[in-house]
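Chain and residue survey
Letter by letter, the chains look like this.
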Amino acid sequence: MATTFSPSVMTELENRGISVETINQQLEHFKNGFPYLRLAGSATVGNGIMKLDDNAIQAALKRWERYLADGGSVTKFVPASGAASRMFKALFAFVNGDSETPEQGSDVEDLIKNIQSLPFSTQLDTVLKSLENKDLETLLKEKKYKTIIKAIISPEGMNYGNLPKGLLTFHRYEDKTTRTPLEEHMVEGALTAATNGTVNLHFTVSGAHRELFKKKINEVKPTLENKFGLRYNIGISEQKPSTDTVAADMDNKLFYDDKGHPVFRPGGHGALIENLGDIDSTVVFIKNIDNIVPDNEREDTILYKKVLAGVLIETHDIIVEFLDELNNGRPTRQRLQEMIGFLEKTLCTYKEGMASLDDTALINYLKEKFNRPMRVCGMVINEGEPGGGPYLAYNRDGSYSPQILESSQINKADNTAMDMMSRATHFNPVDLVCYIKDPEGKPYDLKKYVDPDTGFISQKSLGGRDLKALELPGLWNGAMSDWSTIFIEVPASTFNPVKTVNDLLRPVHQADK
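Described below are features of the structure shown in this document.

Reading the values: the criteria
Residues numbered from 1 in each chain as written. Predicted model: local features only at pLDDT ≥ 70, side-chain atom pairs only at ≥ 80, totals over all residues. Heavy atoms only, no water. 1 Å grid on protein atoms, 1.4 Å probe; cavity = no way out; pocket = protein on both sides within 12 Å on 5 of 7 lines; lining within 4 Å. Points joined across faces, edges and corners; volume = space filled by probe spheres on them. Helix = DSSP H or I, 4+ residues; strand = E, 2+ residues; numbered from the N terminus. Nonpolar A, V, L, I, M, F, W, Y, C, P; charged D, E, K, R; others polar. Phe/Tyr/Trp six-rings, centres within 6.5 Å; stacked < 30°, edge-to-face > 60°. Lys NZ or Arg CZ within 6 Å of the ring centre and 35° of its normal. Axes fitted to C-alpha atoms, helices over the stretch in contact; angles between N-to-C directions. Parallel < 35°, antiparallel > 145°, perpendicular 65-115°, else oblique. Contact = heavy atoms within 4.5 Å. Salt bridge = Lys/Arg side-chain N within 4 Å of Asp/Glu carboxyl O. Buried < 20%, exposed > 50% of the residue type's maximum accessible area, 1.4 Å probe, protein only.

With that out of the way, let us pick up the layout of surface pockets. If you add up the space inside the second largest pocket, you get close to 630 Å³. In terms of lining, the second largest pocket is formed by 26 residues, of which the most central are Thr 22, Gln 25, Gln 26, Leu 472 and Pro 473. Listed by contribution, the elements that provide at least two residues to the lining of the second largest pocket are helix H2 (20-32), helix H11 (273-277) and strand E19 (465-471). With five residues, H2 is the single largest residue contributor to the lining of the second largest pocket. Of the residues contributing to the lining of the second largest pocket, the split by class is ten nonpolar, eleven polar and five charged.

Written as structure tokens, this is what we have:
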């Protein structure tokens with residue numbers, strides 16, 4: 001039964017651009033939860049994941065270079081709204097703890113031992129001189145470890161505990177210059193997605209950090225434009241208030257704060273499907289802000305970025321040809337069978353009983369499956385990384401297709417599903433390239449291809465009171481559920497995220513070594 005809301009709540013909804021229907025749907029999700037997805041199997045090489053040989057790699061590279069040379073539109077899309085606080089969780093715990101010395105074998109002890117290797121150690125040294133009138137080396141000798149760590153994370157110091165990841169110093173080069181993830185993505189864009197002398201990038205940021213991003217972009221853009229002889233066109237957007245989700249209490253009713261206002265929360269990265277849909281570009285790369293490497297480690301990343309994009313264009317070429325025949329011609333039964341074969345073998349989308357459909361029904365089905373957004377996703381061999389992975393999952397129409405799932409979407413009580421999960425071989429590093437315009441060049445309405453039953457509910461607290469929070473279907477999960485999808489194995493060297501500050505000590509991030 002739909003809930004009736006007070007005038008004050010109605011005003012809040014109107015201000016945010018959220019409909020009553022949407023809130024009632026969210027409250028129903030709190031009450032009933034989200035269904036688990038039915039699996040056809042885990043995606044593996046030869047069964048949902050392609051492993052390209054040298055000839056296929058070279059063909060894809062040539063097709064992508066031709067797309068760029070022909071002036072094809074492309075944008076690099078980087079979700080960058082997250083604060084870096086989780087990167088420094090161990091440092092906060094140490095600063096707020098009782099001990100003056102980090103625990104033996106801890107991340108903090110490892111950081112202290114190697115602190116001069118951090119890419120921002122020179123900045124830290126300058127900050128410590130200003131705050132303590134002593135340099136980093138002196139404070140290390142005096143074992144003033146808390147003073148040092150506090151200078152990294154505190155607002156009066158470098159404030160790294162409150163800044164967004166995209167604006168932290170991640171790499172220091174031999175010439176002593178440094179780069180943030182923002183800058184490294186600008187470099188990566190220049191090397192993979194420049195067309196007509198321009199590199200198009202788009203960063204999604206939080207409102208609190210928008211001006212900081214703009215300031216950094218204006219600061220570094222002239223240098224990088226001069227370096228590559230290109231022009232940067234950089235857009236910035238925020239998650240829309242209309243994509244916020246309501247919080248619920250333990251009885252699945254609206255959760256109100258101590259001032260009597262309903263509590264809304266950001267809808268997770270799935271909310272960015274609307275930001276993605278607003279981009280006027282045919283091809284869009286998507287990659288997380290913290291998965292970047294310095295220049296000396298970038299070769300595989302650049303190669304496979306181009307390969308994924310080339311496969312996307314090659315596949316789209318074939319789909320456009322099929323759609324032209326389906327819409328304007330009279331394909332023979334044999335030709336329709338060839339299209340079914342492509343759908344099953346290349347797009348790994350299978351539905352039982354295709355062969356028994358008459359021509360009219362089969363043509364309509366193929367039109368529906370071919371005329372939709374498309375993505376090609378890199379997948380790395382799983383070596384124990386947490387998070388989502390590639391599966392073959394059933395859709396509402398009875399077909400199954402490649403999907404990126406989180407473990408929470410799989411029923412732990414289903415022995416068959418758990419066996420499929422145990423056989424999973426690959427991990428999703430969030431390395432996508434997408435085609436988001438139809439054959440006539442019109443943008444798809446990406447919201448139409450979201451599976452609303454693939455959200456996620458978690459338990460949080462506010463002011464000491466428990467609440468339920470709802471995340472929208474993830475950007476590369478349920479938000480792209482009804483897209484054509486191809487999974488391609490890429491080397492692990494293309495996946496180098498920085499989840500904790502200690503990751504910056506890994507050799508791959510030591511640009512000056």
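Considering all chains together, one arrives at eleven aromatic pairs under this definition. Members of the aromatic cluster, each reached through a chain of ring pairs, are Trp 64, Tyr 67 and Phe 285. Here the guanidinium or amino end of Arg 38 rests over the ring plane of Tyr 394, the centre of that ring lying 3.7 Å away.

Here we take up the packing of helix H3 (residues 54-69) against helix H12 (residues 299-328). Remark: H3 packs on H12, axes separated minimally by 7 Å, with the N-to-C direction vectors making an angle of 80 degrees. For the element pair H3 / H12, the angle class is roughly perpendicular. On the side of H3, the interface is formed by Ile 57, Ala 59, Ala 60, Leu 61, Arg 63, Trp 64, Glu 65 and Tyr 67, while H12 contributes Leu 303, Tyr 304, Lys 306, Val 307, Ala 309, Gly 310, Val 311, Ile 313, Glu 314 and Asp 317.

This brings us to the pattern of salt bridges. One pass over the structure, following the stated rule, counts 39 salt bridges. Its salt-bridge partner being Lys 305, residue Asp 431 comes within 2.3 Å of it at the nearest N-O pair. Highlighted residues: Asp 431 in strand E17 (residues 431-435) and Lys 305 in helix H12, separated in sequence by 126 residues. Of the charged contacts, one joins Asp 451 and Arg 396 as a salt bridge, the two residues approaching to 3.5 Å between their closest N and O atoms. Pair noted here: Asp 451 is in the loop between E17 and strand E18 (456-462) and Arg 396 is in the loop between strand E14 (389-394) and strand E15 (400-405), with a separation of 55 residues, a long-range link. In this structure Asp 451 comes out as buried when scored by relative accessible area, which is 13%. Salt bridges linked by common partners bring Lys 76, Glu 188, Lys 287, Lys 305 and Asp 431 together as one network.

So yeah, pure geometry; function would need other evidence.
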